[in-house]
Amino acid sequence: MVHRFSLLLLDLEEYFFEQHTAHHVVPNGSKKDKKVRGSFKVCSRSIIFDPEDFVEPILKIPLRDCTNIEFVERETNPFNEPRPAAVCVSCEQVIFIKEVNVIEAYRNERGSKKMTFQLEVQSKTEDVVQTLLQLHRASCLEKLGDQTAMIAANLQSRLARSSFDKNCFQSVAEKPHMECTVEMVTPLVSNPGHVCITDENLYFQPLNGYPEQVIQIKLQQVRRIYKRRHGLKPLGLEVFCTENDLCSDIYLKFYNTADRDEIYYYMATFLENHITEHTAESYMLQWQRGHISNYQYLLHLNNLADRSCNDLSQYPVFPWVIADYGSSQLDLTNAATFRDLSKPVGALNKERLDRLLARYSGMPEPRFIYGSHYSSPGYVLFYLVRVAPEHMLCLQNGRYDHPDRMFNCIAETWKNCLEGATDFKELIPEFYGSDSSFLENRLNLDLGRRQNGSLVGDVSLPPWASDASDFLEKHKAALESPFVSEHLHEWIDLVFGFKQRGSDAEAAHNVFHPLTYEGNIDCDSIEDTDQRIAMLTQILEFGQTPKQLFNSPHPQRITAKFQSTRRSSSITSPVGELSPASPCEDSSFEDLTDESRKLAWANMGSLKASSSCRMHKEAVTGIAVTRDGASLFSTSLDSTLKMFSKEMDFQRSMSFSNMPLSSCLVLADGKTVACSSWDNNVYFYSVPYGRRQDTLMGHDDAVSEMCWFENRLYTASWDSTVKVWQLDSNDSSVKRSRFDLLAELEHDDGVNTVGLNAAGTLLGSGCKDGTLTIWDTSSFEVFQQVQCHTGNIHHLAFSPDSRHILSVGSDSCMKMTDVQTGMVISAVKAEEEQRCFCWDGSSALCGGQSGDLILWDLLSNTVTTKIPAHSGAVTAMWMNELGNTVITGGEDRQMFFWKVQS
């Protein structure tokens, strides 16, 4: 059924309460009265009559313009025919809407009028008159705050007298969990009613029965739910039944936060399909690694920052990315084609910025550079007027904007954003979608005539676009281009990140009016109701800055241009993972290795133990393998180093002291094994000679772990240092070599683990106090330092591309830190401590406290496979270069040899 009536015909902040079938009685002189059948709608600030005949206009009578509202008893007309009882309204203004069923500017007719409406259900006439008189009194109150309070009281009274009709349940077996009063939010309007959630469905029943008696959403179909800030208060809940759609299935505003939260948590725990761990950091990781597009990432960030298509004051914001709207061809390989994403729109034009900064310097507190925002209801409808004309008419009291101020030309709009004194607007998601209707006047709207005589029709496109669809295709290509991918993080810093507020915002010339920032104004603390409402209205109409998602610089996307070098020939993993003896010049061989590694990780859940042994008397602490894979070494708390064949047949046992050994690794010559000990020393064991070759005494407390790269040895100790040693030996076959101390890296607490990136340029160290430090190995200066865990860091390792570092700790958390920015971009609390791991950047195979091997998908922070392994904690792990062989050691003194099943 086609509806002409829309909630958009109401004033802003107005409610539609009830409707009755009625006849508008139009006196016709000496002839019989003309009767127009339709719907008589009682609203909080107006009466609306919606005729069934579309030729007739919709009539809107503002209650504030009514001079008299009365109940007229049954009477006879001049022809002695009975007239039913009626509602008679005397007024000074009538608004005519959709005349001849055309969406156009409203026509206001002023002057004294008397209008009569006969309700088909006669018994309700007098009640309707009493309701209208009460609402009329509210509309005539002098103070806006008093008007709002009286209308709100009427609304709450109506909601209290009604409840959700459980006859609307889809099944008699449904079990209701909770019911409460809410408002369904759509752009510019709200519709009050009742929400009811059961074990199968979420229902919303409008108080007025519009647009339908009940709206139903199956819980099993829900994919995403978000808590929302609505009207600056934490009262909103938005539900999506799709993964990537721009618009939601329903947006509800609750009257108190407790009701909102109860339904949110009920849905979150009940739904199998609801992904609870989607945070800004998890989406960031997916975006960095190319698993989601720039468009999808921006959409997710907008969602997490409280931006919604149902709230025009917080509509999703997207950047201008193209700066060339004059060329006949769009060159996406030329940097000059693109806008500078490191600057806000207001700072792109230096001359304009200089003028703004001069004003800013002389401005009293609170100061701001830009007096208007980059996103507001007016800007959204500026772009969307051709597909949402009724929204524009609602926002602007029944009028379109002046034709010369409308969205007429993309090049002109961009030019005005660069040069206009108060125009700093960004774009909306529709510019990167597939529906071009917002650029075309398909509804044939009469939007006026410009000063140059031309009618406002379709939007004028750049020369490089053949039509609106072609424009969107090329615009989307620009958003996903390498240039934008490499610089989008800079724009995210401005809008969602650390440059949004404070001194960083000031340095980036990114300071907007204080009213636009979340938490700057507490409207509830304003005692005067009129002032409070006026302040809230100003904030909502002015536009709001998104919720801040990041407090430190956003990492850059990983693109081909910025891929790090491949692994070097040395052992770089703290658990002794080996690389090929020398870099391979054959790229086809490297590609084959990469594919083999990817295949192994894809099948990591199929790990099967092929052999095992128990030769140690206490927990295994370290595992290392020679380059050719012929020999395997392990250390233990029992203070011994043991050597096995590749079939895990026991061959030798060595003891260097009566203190536990903490780790081991094979040096680049393949003939020497280094063992760290709790007696503060590092011991070097010669495999060919079968004896201790050298001892390095360099720490004041236990040496916890080591790593090695190109004749440099890094030793971590509980004496709060990492020491860097240079091997000085002209003959690698000599029995004793001299180590020179290059650097001593100081920490605030004992260092428990260390690891190098693939290129050996960065060193990570993890302390007992949970601090993660990243060092530059060329200068030995701190590159990043993060308070990552709340307790001891058990193990850490860089990703193969050196972009991230993963760490696990005694707090049972597994955290991924971005190397470039020091931001913890992913954090998950596991069911138990993870003691050690190997990873490929997207997945991690962890050894748990209970003895299981646990395979994690780090993009979604979920466990994909659990493999029973040891009877105690897994304390050591080694993986070969191809990723198809794993060796683990545990507190149960056992070692397992695992193979990936193809």
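Where an unreviewed UniProt entry is consulted, the protein appears under the name Neutral sphingomyelinase activation associated factor, with the organism given as Oryzias latipes.

Peer 1: Looking at this structure, I do not really get the overall build of the protein. What am I missing?
Peer 2: Secondary structure summary: the protein contains 14 helices and 44 strands in total. Counting only C-alpha atoms and orienting by the principal axes, one finds that the protein spans roughly 125 × 65 × 50 Å. By residue count, 58% of the 902 residues in the protein fall in the buried class. Look at the contacts in the protein between residues 6 or more apart in sequence, and 56% of them connect residues 24 or more apart. As displayed, the protein offers around 37400 Å² of accessible surface, 48% of which is attributable to carbon and sulfur atoms. When the 85 basic and 118 acidic side-chain charges of the protein are each reduced to a single mean position, those positions are 2 Å apart.

Peer 1: How do you make sense of the sheet that holds strand β29 (residues 738-746) when you look at a structure like this?
Peer 2: Think of a sheet as strands paired side by side through backbone hydrogen bonds, with each pair either parallel or antiparallel. Sheet architecture is open: four strands sit in the order β26-β27-β28-β29, paired in antiparallel fashion. Edge positions in the sheet fall to β26 (703-709) and β29, since each of these pairs with one other strand and no more. Across the sheet, the axes of successive neighbouring strands diverge by a mean angle of 20°, strand direction being ignored. Inspection of the sheet shows β26 paired to strand β27 (residues 712-717) by six bridges, in the antiparallel sense. The residue of β27 that forms the bridge with F709 is R712.

Peer 1: Help me understand empty space enclosed by the protein in this model?
Peer 2: Think of a ball as big as a water molecule: rolled over the atoms, this probe shows where empty space is left. All chains considered together, the criterion is met by six cavities of 30 Å³ or more. In this structure, the second largest cavity encloses a volume near 70 Å³. If you go around the second largest cavity, the residues you meet are R339, P344, V345, G346, Y374, F424, E426, W491, L494, V495, N510 and F512. Of the residues in the lining of the second largest cavity, the class split is eight nonpolar, two polar and two charged.

Peer 1: Explain the side chain of T545 here, please?
Peer 2: Mapped onto the elements of the fold, T545 is located in the loop between α13 (529-542) and α14 (587-602). A polar side-chain atom of T545 sits 2.9 Å from a polar atom in the side chain of H373. In this structure T545 touches R229, R307, H373, Y374, Q500, T516 and Y517, once residues within four positions along its chain are discounted.

Peer 1: Please explain the UniProt feature "repeat: WD" (unreviewed entry) in the protein as it appears in this structure.
Peer 2: UniProt annotation of "repeat: WD" (unreviewed entry) refers to residues 696-735, 744-785, 786-827 and 867-902 when read in the numbering used here. Spanning residues 744-785, this segment combines 0% helix with 62% strand, and its end C-alpha atoms are found 17 Å apart. Annotated as residues 786-827, this span is 0% helix and 57% strand, and its ends, taken at the C-alpha atoms, are 13 Å apart.

Peer 1: What is the right way to read the packing of helix α1 (residues 125-139) against helix α2 (residues 144-160) from this model?
Peer 2: Geometrically, a packed helix pair is captured by the angle between its two axes and the distance between the axes. α2 packs onto α1 with a crossing angle of 150° between their chain directions and a minimal axis gap of 8 Å. Taken together, the axis directions place α1 and α2 in an arrangement best described as roughly antiparallel. In this structure, α1 contributes T131, Q134, L135, R137, A138 and S139 to the contact, and α2 contributes Q147, M150, I151, N154 and R158.

Peer 1: When you look at the confidence of the model for the protein in this model, what are you seeing that I'm missing?
Peer 2: Note: predicted coordinates in regions of low pLDDT should not be interpreted at a detailed level. Summarising the model, the protein shows a mean pLDDT of 89, and 93% of its residues fall at 70 or more. In this model, residues 561-590 is a region of pLDDT below 50 whose contacts with residues beyond four sequence positions or in other chains number 72 contacts.

Peer 1: Just to check I follow, could you spell out the pattern of salt bridges for this structure?
Peer 2: When charged atoms on two side chains of opposite charge get close, those side chains can pair. Evaluated as defined, the whole model comprises 34 salt bridges. Here R158 ties to E18 by a salt bridge, and the two come within 2.7 Å at their closest N and O atoms. With R158 in helix α2 and E18 in strand β1 (residues 16-26), this residue pair connects regions lying 140 residues apart in the sequence. By relative accessible area, E18 is classed as buried at 17%. Through salt bridges that share partners, R228, R229, E238, D306 and E518 make up one connected network.

Peer 1: Please explain the pairing of strand β12 (residues 201-206) as it appears in this structure.
Peer 2: As a general feature of sheets, a regular strand has side chains that alternate between the two faces. Judged by how many residues are buried, β12 sits mostly within the fold: six of six residues are covered. Across the two faces of β12 the burial is the same, with N201, Y203 and Q205 and L202, F204 and P206 all buried. Pairing geometry for strand β11 (residues 189-198) and β12, over five bridges, is antiparallel. Within β12, the residue paired with G193 across the bridge is P206. Following β11, the chain reverses through two residues before pairing antiparallel with β12.

Peer 1: Sorry, what's going on with helix α7 (residues 377-384) here?
Peer 2: The element α7 is largely enclosed, with a buried count of seven among its eight residues. Listing the buried residues of α7 in full gives P377, Y379, V380, L381, F382, Y383 and L384. On its buried face, α7 is in contact with α8 (389-395), α9 (410-419) and α13.

Peer 1: Sorry, what's going on with the packing of aromatic side chains here?
Peer 2: Any two aromatic rings considered together are summarised by their centre-to-centre distance and by the angle between their planes. Within this structure, the stated rule accounts for 36 aromatic pairs. One residue, K425, lies across the ring of Y379, its end atom 5.1 Å from the ring centre. Over the ring of W718 we find K768, and its NZ or CZ is 4.1 Å from the ring centre.

Peer 1: Whenever I open this one, the nonpolar core confuses me. Can you help?
Peer 2: Counting residues in hydrophobic clusters, the biggest one holds 119 residues, and the most contacted among them are F496 and F550. Discounting residues that sit within four places of it in the chain, F496 has contacts with L301, N302, A305, V317, W491, P546, K547, Q548, L549 and F550. Among the nonpolar cores identified, the runner-up in size contains 29 residues, and Y15, F40, I69 and L132 belong to it.

Conventions adopted
- Residues numbered from 1 in each chain as written.
- Predicted model: local features only at pLDDT ≥ 70, side-chain atom pairs only at ≥ 80, totals over all residues.
- Heavy atoms only, no water.
- Helix = DSSP H or I, 4+ residues; strand = E, 2+ residues; numbered from the N terminus.
- Buried < 20%, exposed > 50% of the residue type's maximum accessible area, 1.4 Å probe, protein only.
- Contact = heavy atoms within 4.5 Å.
- Areas by Shrake-Rupley, 256 points an atom, 1.4 Å probe, with all protein chains shown as cover.
- Lys, Arg positive; Asp, Glu negative; His and termini not counted.
- Charge placed at Lys NZ, Arg CZ, Asp CG, Glu CD.
- Pairing = 2+ DSSP bridges.
- Axes fitted to C-alpha atoms, helices over the stretch in contact; angles between N-to-C directions.
- 1 Å grid on protein atoms, 1.4 Å probe; cavity = no way out; pocket = protein on both sides within 12 Å on 5 of 7 lines; lining within 4 Å.
- Points joined across faces, edges and corners; volume = space filled by probe spheres on them.
- Nonpolar A, V, L, I, M, F, W, Y, C, P; charged D, E, K, R; others polar.
- Polar contact = N/O pair within 3.5 Å; in protein donor to acceptor, adjacent residues only side chain to side chain.
- UniProt positions renumbered as here; feature names shortened; annotations may be inferred.
- Parallel < 35°, antiparallel > 145°, perpendicular 65-115°, else oblique.
- pLDDT = per-residue confidence, 0-100.
- Salt bridge = Lys/Arg side-chain N within 4 Å of Asp/Glu carboxyl O.
- Phe/Tyr/Trp six-rings, centres within 6.5 Å; stacked < 30°, edge-to-face > 60°.
- Lys NZ or Arg CZ within 6 Å of the ring centre and 35° of its normal.
- Core = buried A, V, L, I, M, F, W, Y, C linked by side-chain atoms within 4.5 Å.

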